[in-house]
Structure formats: C-alpha cells, structure tokens
Amino acid sequence: MPTRADTAPLRTAVSESLFSERRLRAALLLLAVLWLVCAVVLPMAQIAGISLRNDHGVWVGLANFKTYFTNPALSTSLWNSLYVSAATTLVSVPLAFVFAYALTRTDIPLKGFFRGLAMAPLFAPTLLYGITLVYLFGRKGLVTTGFFGFFSRVLGFDPSVDIGLYGKVGIILSEIIFTFPQAMLILSIALRATDARLYEAAQALGASRIRTFFTVTLPGVKYGLLSAVCVSLILCFTDFGAPKVVGGQFNVLATDIYKQVIGQQNFAMGATVSVVLLLPTVLAFLLDRLVQRRQAALIVAKSVPLAPCAAPWTRLFHFCFCSLISLGLLVFLGTALFASLVKVWPYDLSLSLLHFRFENMGGGGYDALSNSIRMSLYSAVAGTTVTFFSAYLIEKSRGMRSLRQTAYFLSMAPLALPGLVIGLAYIFFFNAPTWQLAGFAIPNPFNRIYGTMAILVLCNMVHFYSVCFLTATTALKQLDKEFEAVSESMGVPFYKTFFRVTAPVCLPAIVEIGQFYFVNSMATVSAVIFLYSADIPLASVAVANMDDAGDIAPAAAMSVLIVLVNIVARNVFGFVSARLSHRSQSWSKRAS
Amino acid sequence: MKRILMALCLVALCSAHALAGEVLVYTALEDDQIPRYIKSFKEKHPDITVKFVRDSTGIVTAKLLAEKTNPQADVVWGLSAVSLMQIEQAGMLEPYTPKDGAKVLPSFKDAAADPAWFGIDAWMTGFCVNTVELGNKKLPLPASYADLTKPEYKGMVTMPNPASSGTGFLTVSAILQLLGEEKGWAYLDKLHENISSYTHSGSKPCKLAGTGEAVIGISFGYRGLQQKKKGEPIETVFPKEGSGWDLEANALVKKAEIKPEAKVFLDWALSLDAMKEYAQSFALTGYPTGEPVPAGFPADPSKQMIKNDFEWAAKNRDHILAEWTKRYDGKSEPKK
C-alpha cells in the first residue's frame, strides 16, 4: 500500500503530463481548424473576392452581378436551375420515402437486394444518367423507337413514345435517379428511429391508419424529411453532369459556370455565377442546420422497437413498389452496359468490345482510369485519416468549447459547397503565385501543389468531408466518454487510448468512410474538371471529354468501367470490414 | 587534337542533351488524327517528349489568351488561322520560319514579311447527313445552306457552337460573308428554328448524325468521310453556295525561354512526311504533296471554298460571337 509520501510525486507527474497533454490536444485541435481554414474558408473568400473584380483584377463592386442579372441569357439559368431542383425534389423525395418506408417499416422479402440496387446510381458519374437516357429516350433510343420497332413487328402494336428528352425533361429524369439513393438513405435512418408505444397509443385511441400516418409517422420523421428535401435540392441545383449531356438548350447555373470558365476563360463571370450558385445552397444548408438543432431525442431508454408491419396488402403494395423501382434501375444500368457494347448504335447491333479500346480518342483511356483509381485510393486513405482524427478531437476533448464549435461548423460547411465552386476556388487560391493581402504581396506557399495529384486529392477530401465527418462523429458518440476519463486518470496518454480502444472499436465506421471517399472520388466530375492537368487525365473527366467530342459509346464504356471499379472496391471494403470486425468487434457480442 | 575531339564530344553531348527535353503543344487537331500524324516525329526524334493539350478551337484560343502573362505552351499546332491572327494581335507569337516554310503556298501563311504562322491544311464546312433517317422520313438530301431552313427539316439539324468550335465559327463567318451581315443574321434566325441543339465541338454534330440522334449535322468534310468509313450511314454534302473554310496552322509561342525543341517540332510539322499525312485527311495542304485528293471530296476542292476574308473574320470574331451568343445561346429550348 503506498504511503502518502509515495503518491505525492505520482500525482504531480500525472498533473504535469495532463498539462502537456492538454496542450498537445489543443494544438492538434487548432491544427484541425487551421486545415479547414486553409482548405475551405480562404479559397471561398478568394472566389467571393474575384466575383467583385473585373477580368483585370480591378475592384468593381457588384458590377459583375449587375451584368449577370441584366443579361437575360445568363439570369434565366437561375430560374431554370431553381425549377428543375424543385421539380426533381417533388418527385424524388416521395419516391424515396415510400421506398425507405418499405425497407424499414414492412417485412417484405429481398430487402438487401432492393437496398443494394437503390444505391447503385451513386457509383456512376452523373454524366452516365444523361448518356443512358439518350439511349433510352433519345431520338434513336430504345423506348422512342419501340425497341427498334420490335414491338410493332412482333407484337403488332407500337408502344414507342417520344418524351422530348433534351431540355428540362431529361435533366429532371437524371436528377431523380441521382437524388433518389441519397434521399432514401436519409429517410431510412429517420424512419428506423421510432417508438412503437406511439403506435400502440394511436391504435388504442382508435385512430385510423391514415390519421396515424399524419399524426405519428410524419411528425416523427419531419427532420429527416427536411434533410432529404434540402440535400435533394442542393444536389440537383449544383449538378452539372446531367444537364451537360441532356440539357440541350436549357441552360442551368452549373453549365453556365463551365461555359464561362472552360469555354470563354472568363474567370470573373465564372466566380460571379459561382456565388449566385452558392447563395441558395448555403441558405438550404443553414436552414437544415437550424432545424436539426431543435431535434430532441426520439429514442429514449424506454422506447420499444417497432415491429415491421406484416399486413398482407401493405406488404404486397410495398413489395410491388420496390420491385418496380428496382426494375427501372436494372433496365437503366443494363441499357448503359448494352450501349457500351453495341458496335454502331442503332444500325449495327452486333456486340463487341470495340468501344472499350479508347483508341484514337481524347480523354486518356486506361491511363485515365488508373489515375482515377490511384487518386481515389489516396483520397480514401488521407481523407479517412484526417476526418476521423479531427472528429475524434472535436468529439472527445473536454473544454475548449469555442474552438471545438468552430471546428464543428467548419467541418459541416463543405456540405453546402458545390464541386464546381470548390474546383474553381482552388484554381484561384492555389494557382496564384502570390496572394494580395491589404496591399502586401505574400508568396503562396501552396502554389507548388497546383497541377499535381495532391490538389486533386485535397479537393476530394474537402468535397466529401462533411458526410464522412458526420459518420465518424456518430460512431464516436456511441463510445462512452468514460474511456477517456479512465485512461486520463490512469495516466495513459490519449493517443494510446485512441489507437488501442477508440480506433479499433470504430473500425466499421472507418472502413465505411474510406469506401465513401473512394466511390465518390471515382465518380465525381464537377470538382476535378477544372483541376486535372494534361499529365494526369482522369476517368470521369474523360467521360465528359469524349461526350463533348461526340464519342458517346466510348463515354458510356468508360462510365461502365467506373461503375465496375466501384463495385469491386465496395466488395473489397466489405470483405476487409468483415475480417476486421471479426477481430475487433467481438467485444460487442455477449459472451456465451 | 585530343582536346578538340573532347570539345567536339562535349558540344555533341550538350546539343544532344539540349534536345532531350519536352515540348508542350497546344492543338485543336482531331483526337483520331494526332496519333497518326505524330508517328513520324516520334521515329525521328525519340528523345523529345511531346505533351499535348487538345481541345476544341475556341477553348484552345481562350486558354492561350488567358495565359498571356505567363504562357505555358511552346508551340501551337493545327489551330485555326483566324484564332492565330487574334493571338498574334495580342503579341503572343514569335515569328519563326521553319525549314520548309518557303514551300508553303502564299495563301496558306501569314502575309507579313516575317510570317508568324504557317498553314498545314484547309478544312471546310460539310453537312453530315444520315441517309437512313432521311430515307425513313422520305426527305431529299439537302444540297445547300438554303435547304437547311426548309420547314421539313425542323428539329433535325445540329450545329456546333461557334464560341467553342472552330468549325462552328467558320460556318457562321462564311454565311455572314456570303449573304452580308443583315441577311446573314436573318438566315441564322431561320436556321435556329430547325436546330435541335448546338454542340461544344465541331465533330459532335457529325457523330450525332452517325447515331441518328440528329439527321443533319453541320460539321466538316473529314469527319463525315471518316464516319462513313466506320460503317455509319453518313453522306457528306458540301453546300452548293460554297463551303466556309479555315486553315489549320502552326506557330511558335513568344515566351522568355524558347526551347530549341519547339523549333525542331515546327520544322517537322511542315516537312513533307508530315504534310503527306495531312493529305490523307484533307483535300488541300500547305503545299502540294502529290497525294491524291481523299475520296469523297470534290475533285477540285478550291472551287468549293468561298472567297474567305480572314482579316475581316479575325477582326470581327469577338463581335460575331457576342452577337451569336446573345441571339441563340440564351434561348431555352428551341420551340417544338
């Protein structure tokens, strides 16, 4: 038993190490804030600054915005963007709601299959949705021609329809496919969190099922619903891949930025349109944040999980609904694959791998594909490390409230930033040899990474940061803060606890974050299209370039390759996760 | 003697070393032409690495102009002469006469005493018409610009956006020169009624016609003949009124450090070997090569080409593009 004299030095040793550990934590937290300031705040400030200057860098105040809003050719794009976003959300969120409801509240079979398939569109660049729609509904599309006259020849009736794809119809269709999986994900999380006792009470009070739906189910998911609406609005408002392919003469903001910057190298106007694009997005983001704050815990210790509904008619309806949506997605993906294999659509339907050769063609072919895979791997590794560690510092530190809150807000901010705007801001921020600050010219320390792989990785890290950060935070919240308290009182440095306890326990979340970074980096076009250099062609950009040149079948082929890489990656991540959880997650099972 | 030998060796080494570098080439040539063209350069100069930035004419032009303060490109290869004139006016070209420069026809090079650019080929407007689709609709082959505005072709015509595409610009410029500005814009207004979409590149309308997504694509001769070879049902029509045309030309970019490799590249790009390859794609080249006119082109291509005022086109390019964008780019979908 230690005497009083023995414990005294021990205590001072502990408090000393605590003191230095606190400082180390504070320094790391500060570093996390600093990285977000450099990667998010400063580039955005730069783009705002450029929108207030003319092409020669002379301060012009709001003149660019005035030009923008008085030029009908440009400002109609704003209304067009708002219109397609609203229309898409009106269709995609209800569809996603019913789908998510079926997966969470009913006990239909094949749930895993339905969920997996619904996620599939996330694996492809949005350009593919447009390209595939052309093959389905374009003038020579399968549907438009009634499967090349097959129906009228064989079955004697002609079901062919021309939906007038090019323009808003095409954009809205593509965006529905694009936003559906994301809205569905958010809504299924919201629908899962419920208390069966509410339904029992409603039943006991004799409320009809419709009434129960409107008084119990809907209020219970209103925050999730709002999130789904905001995310869907932001996604279509800022997407550029689909409008580029099927937009025809229907201009939207995102394609305007591309045309201004790539087509006319008019950076000032590009920055101006970016700010116009940014404003509604930031508004939607702030609204969502504000409302989410008011959300109180629905699940308390006494909650009873809701048993999925087994009423036969409900099951049948939801099963049919999910089957229909899945069938649609299968036809969609199948068409993309078919189109990439057909020799000369629609005149020579024999199959060949001709379009997978990428010979005599822009874009970079298989070099581009391997660059994309490398970039996605780097983004996954670097992104996961930075995201998880900063989430840990923010979630598991004590004190330093304002620093942590700042870091939290900055970590959520990228959610509101469209890829195109990040890309453009990065050109301005990283390509400038010097920064002008209050009349001083400061040499840009980051200028070196411009035109390299590093800036592409950085751009992906920021673009997909928030969702990963949220995943990490959620996983960390499930870990009791006692771990930190105990190790602190035992004099174990926090980094040891981090590597021995926190990280292993959160492994499934960490793998999931890595996968998210990988899959999205493979598929993204918008953020990297301004930043890739001639030395480092990328697969998703190649899709855009080949489409520009009119090589649509090879563009479809490259998209198919991107989807395949992502399917393989998903399986590898799943396998790794299963192996690792076997070793690190046994604590969560009861000893038997 | 030994010393002299050593010195000679050293010089040889140095010069060899100096040529073992790389050139950055900005080009608007077609993606399927570049590998074929560059083959003979790679054989002759295996030690020089050539890097390409390839895009449509408008994009390459805009990129060059945007980089004015800090030019990246060493050489421009196969860019529209109208664009090169604009770039020359911006003071971005260094006059350099390549080895075979004297052979180039006077009408194919910069008129200045010390020419800044040399043409390698002339490319001209051609309509890519999908004969299967036209046959299905029982419509005749259009033969002229005037035919394209006929109501029966409504929604069937695709043309390149002149702001990004060189082919688009030379066509618009030819129409304005043939009809005069007032009538020219009136014609384009009428044509707009029949257009289904304006594309980013000059080759896309032809490729769209090849898949039947468009019936008539306003594009250029080479593209249509190439698509037909691939098995697409494309007939290339050279309009009765005459084709708009432009030269694809080369130039040296003015920058602080002009690499010797850049000049090596330009010498090669005007050599007979290179010129013979250009002659496989185009009816007219910088100087006669003795190669036959490629199948599908008019027998006397120079008669098909309009009298083109390059000076006028270069001077008015910005103004024409601004007017075009105002008239047609801002409109939402064309009325059905």
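Residues numbered from 1 in each chain as written. Chains lettered and ligands numbered in written order. Predicted model: local features only at pLDDT ≥ 70, side-chain atom pairs only at ≥ 80, totals over all residues.

**What to know about the overall build of chain B**
Inference 1: The number of helices and strands found in chain B is 14 helices and 11 strands.
Inference 2: Taking 336 residues into account, the globule formula puts the C-alpha radius of gyration at 20 Å, and chain B, at 21 Å, falls close to it.
Inference 3: In terms of overall dimensions, chain B has a C-alpha envelope of 85 × 40 × 30 Å along the principal axes.
Inference 4: Put simply, 76% of the contacts in chain B that link residues at least 6 apart link residues at least 24 apart. (Helix = DSSP H or I, 4+ residues; strand = E, 2+ residues; numbered from the N terminus. Rg over C-alpha atoms; globule rule 2.2 N^0.38 Å. Contact = placed C-beta atoms within 7 Å.)

**Details of the overall build of chain A**
Inference 1: Within chain A, the secondary structure is distributed over 24 helices and four strands.
Inference 2: For 592 residues, the compact-globule formula gives about 25 Å, and the C-alpha radius of gyration of chain A, at 26 Å, lands near that figure.
Inference 3: Seen through its C-alpha atoms, chain A measures out along the principal axes to roughly 100 × 70 × 45 Å.
Inference 4: Per-residue burial for chain A yields a buried fraction of 44% across its 592 residues.
Inference 5: Of the contacts made within chain A by residues no fewer than 6 positions apart, 80% connect residues no fewer than 24 positions apart. (Buried ≥ 20, exposed ≤ 12 C-beta atoms within 10 Å, placed from the backbone.)

**Details of the packing of helix 15 (residues 365–396) of chain A against helix 19 (residues 465–477) of chain A**
All names here are of chain A.
Inference 1: Remark: helix 15 packs on helix 19, axes separated minimally by 9 Å, with the N-to-C direction vectors making an angle of 50°. Considering their axes alone, helix 15 and helix 19 lie oblique with respect to each other. As helix 15 runs across helix 19, the sense of the crossing is right-handed. Listed contacts from helix 19 to Gly 383, Thr 387, Phe 388, Ala 391, Tyr 392, Glu 395 and Lys 396 of helix 15 are Tyr 465, Cys 468, Phe 469, Ala 472, Thr 473, Leu 476 and Lys 477.
Inference 2: Among the residues making up the contact of helix 15 with helix 19, the classes are represented as eight nonpolar, three polar and three charged. (Axes fitted to C-alpha atoms, helices over the stretch in contact; angles between N-to-C directions. Parallel < 35°, antiparallel > 145°, perpendicular 65-115°, else oblique. Left-handed = near helix turned anticlockwise from the far one by under 90°. Nonpolar A, V, L, I, M, F, W, Y, C, P; charged D, E, K, R; others polar.)

**With respect to the domain arrangement of chain A**
All names here are of chain A.
Inference 1: Partitioning chain A into domains gives domain 1 (17–48 + 366–586) and domain 2 (73–354).
Inference 2: The distance between the C-alpha centroids of domain 1 and domain 2 comes to 25 Å.
Inference 3: Counting residues at the interface gives 29 residues for domain 1 and 32 residues for domain 2.
Inference 4: Contributing elements (two or more residues each) for the side of domain 1 that touches domain 2: helix 1 (4–51), helix 17 (419–431), helix 22 (507–523), helix 23 (539–549) and helix 24 (552–584).
Inference 5: Among the elements that make up the side of domain 1 that touches domain 2, the one with the highest residue count is helix 24 (11 residues). (Domains from an automatic or database assignment.)

**Thoughts on the pairing of strand 5 (residues 117–130) of chain B**
All names here are of chain B.
Inference 1: Counting buried residues along strand 5, 14 of its 14 residues qualify, which places the element largely inside the surrounding structure.
Inference 2: In terms of strand pairing, strand 5 meets strand 10 (residues 245–253) through seven bridges, oriented antiparallel. Looking at strand 10, one finds that Trp 123 is bridged to Asp 246.
Inference 3: Where strand 5 lies against strand 9 (residues 234–237), four bridges are found, and the strand directions are antiparallel. Bridge pairing in strand 9 places Asn 130 opposite Ile 234. (Pairing = 2+ DSSP bridges.)

**Details of the nonpolar core**
Inference 1: Of all hydrophobic cores here, the largest spans 262 residues; its most connected members are A:Ala96, A:Leu187, A:Leu424, A:Cys459, A:Val528, B:Val75 and B:Ile216.
Inference 2: Looking at which element gives the most residues to this core, the answer is helix 7 (residues 168–192) of chain A, with 13 residues.
Inference 3: Once you skip the residues sitting within four places of it in the chain, B:Val75 turns out to touch B:Val23, B:Val25, B:Asn250, B:Leu252, B:Val253, B:Ala262, B:Phe265 and B:Leu266. (Core = buried A, V, L, I, M, F, W, Y, C linked by C-beta atoms within 7 Å.)

**Thoughts on the domain arrangement of chain B**
Residues and elements named next belong to chain B.
Inference 1: What the domain assignment reports for chain B is domain 1 (2–122 + 246–298) and domain 2 (124–245 + 305–329).
Inference 2: A C-alpha centroid distance of 28 Å is found between domain 1 and domain 2.
Inference 3: Contacts between the two partners involve 19 residues from domain 1, matched on the other side by 22 residues from domain 2.
Inference 4: Broken down by element, the side of domain 1 that touches domain 2 gets its largest block of residues, four residues, from helix 4 (residues 81–89).
Inference 5: Per-class residue counts for the side of domain 1 that touches domain 2 are 10 nonpolar, seven polar and two charged.

**A look at the interface of chain A and chain B**
Inference 1: At the interface, 32 residues of chain A touch 40 residues of chain B.
Inference 2: Put simply, the parts of the chain that give the side of chain A that touches chain B at least two residues each are helix 3 (72–105), helix 12 (253–263) and helix 23 of chain A.
Inference 3: Split into classes, the residues belonging to the side of chain A that touches chain B amount to 14 nonpolar, 13 polar and five charged.

**Observations concerning the confidence of the model for chain B**
Residue and element names in this part refer to chain B.
Inference 1: Here chain B shows a mean pLDDT of 89. Residues at 70 or above account for 92%.
Inference 2: The model gives residues 8–18 a pLDDT under 50, and that stretch makes one contact with residues more than four places away or in other chains.
Inference 3: Note on residues 331–336: pLDDT is under 50 here. Beyond four places in sequence and across chains, it has 16 contacts.
Inference 4: If you check the scores for this complex, the pTM reads 0.86 and the ipTM reads 0.80. (pLDDT = per-residue confidence, 0-100.)

**Let's talk about helix 7 (residues 166–179) of chain B**
All names here are of chain B.
Inference 1: With 14 residues, helix 7 extends 20 Å between its outermost C-alpha atoms, agreeing within 8% with the 20 Å of an ideal straight helix rising 1.5 Å per residue.
Inference 2: Across the 14 residues of helix 7, 11 count as buried, placing the element largely inside the fold.
Inference 3: Looking at helix 7, one finds that the buried residues are Gly 166, Thr 167, Gly 168, Phe 169, Leu 170, Thr 171, Val 172, Ser 173, Ala 174, Ile 175 and Leu 176.
Inference 4: Residue Gly 180 follows helix 7 closely and has a positive phi angle near 85°. (Expected span 1.5 Å × (residues − 1).)

**A closer look at the confidence of the model for chain A**
Inference 1: Here chain A averages 86 in pLDDT, and 93% of its residues register 70 or above.
Inference 2: The model gives residues 1–7 of chain A a pLDDT under 50, and that stretch makes one contact with residues more than four places away or in other chains.

**Quick look at the packing of helix 2 (residues 63–70) of chain A against helix 13 (residues 267–293) of chain A**
Residues and elements named next belong to chain A.
Inference 1: Following both chains from N to C, one finds helix 2 and helix 13 inclined at 75°, their axes separated by 10 Å at the closest point. With respect to helix 13, the axis of helix 2 lies roughly perpendicular. Seen from helix 2, the contacting residues are Asn 64, Phe 65 and Tyr 68; seen from helix 13, they are Ala 268, Met 269, Thr 272, Val 273 and Val 276.
Inference 2: Of the residues that constitute the contact of helix 2 with helix 13, the class distribution is six nonpolar, two polar and no charged.

**Remarks on unusual backbone geometry**
All names here are of chain A.
Inference 1: A cis amide bond, omega -10°, links Trp 345 with the succeeding residue Pro 346.
Inference 2: Inspection of the secondary structure assignment puts Pro 346 in the loop between strand 1 (342–344) and strand 2 (348–351).
Inference 3: Its identity is not glycine, yet Leu 110 carries a phi of approximately 65°, on the positive side.
Inference 4: Structurally, Leu 110 is set in the loop between helix 3 and helix 4 (111–119).
Inference 5: Its 13 C-beta neighbours within 10 Å are what place Leu 110 among the partly exposed residues.

**Brief notes about the environment of A:Asp288**
All names here are of chain A.
Inference 1: With respect to the element layout, Asp 288 can be found in helix 13.
Inference 2: When the 22 C-beta atoms within 10 Å are taken as the criterion, Asp 288 is described as buried.
Inference 3: Separated by 59 residues in the primary sequence, Asp 288 and Val 229 have C-alpha atoms spaced 9.4 Å apart.

**Quick word on the environment of B:Phe118**
Residues and elements named next belong to chain B.
Inference 1: One can find Phe 118 in strand 5.
Inference 2: Each C-alpha atom, one on Phe 118 and one on Cys 206, is 28 Å from the other, the two residues being 88 residues apart in sequence.
Inference 3: Those residues within four positions of Phe 118 in sequence are excluded, and the remaining contacts are Pro 98, Gly 101, Val 104, Lys 109, Ala 249, Asn 250, Leu 270 and Gly 286.

**Thoughts on the pairing of strand 2 (residues 49–54) of chain B**
All names here are of chain B.
Inference 1: Taken together, the six bridges between strand 1 (residues 22–27) and strand 2 define a ladder with parallel strand orientation. When the bridges of strand 2 are listed, Val 25 appears paired with Phe 52.
Inference 2: Each parallel crossover has a hand, and for strand 1 linked through helix 2 (residues 34–44) to strand 2 it is right-handed. (Right-handed = clockwise from strand over helix to strand, strands pointing away.)

**What to know about the environment of A:Leu191**
All names here are of chain A.
Inference 1: Of note, Leu 191 is situated in helix 7.
Inference 2: Assessed through the 21 C-beta atoms surrounding it within 10 Å, Leu 191 is described here as buried.
Inference 3: Distance in space between the C-alpha atoms of Leu 191 and Lys 244 is 35 Å, their sequence separation being 53 residues.
Inference 4: Those residues within four positions of Leu 191 in sequence are excluded, and the remaining contacts are Ala 100, Tyr 101, Thr 104, Arg 105 and Val 221.

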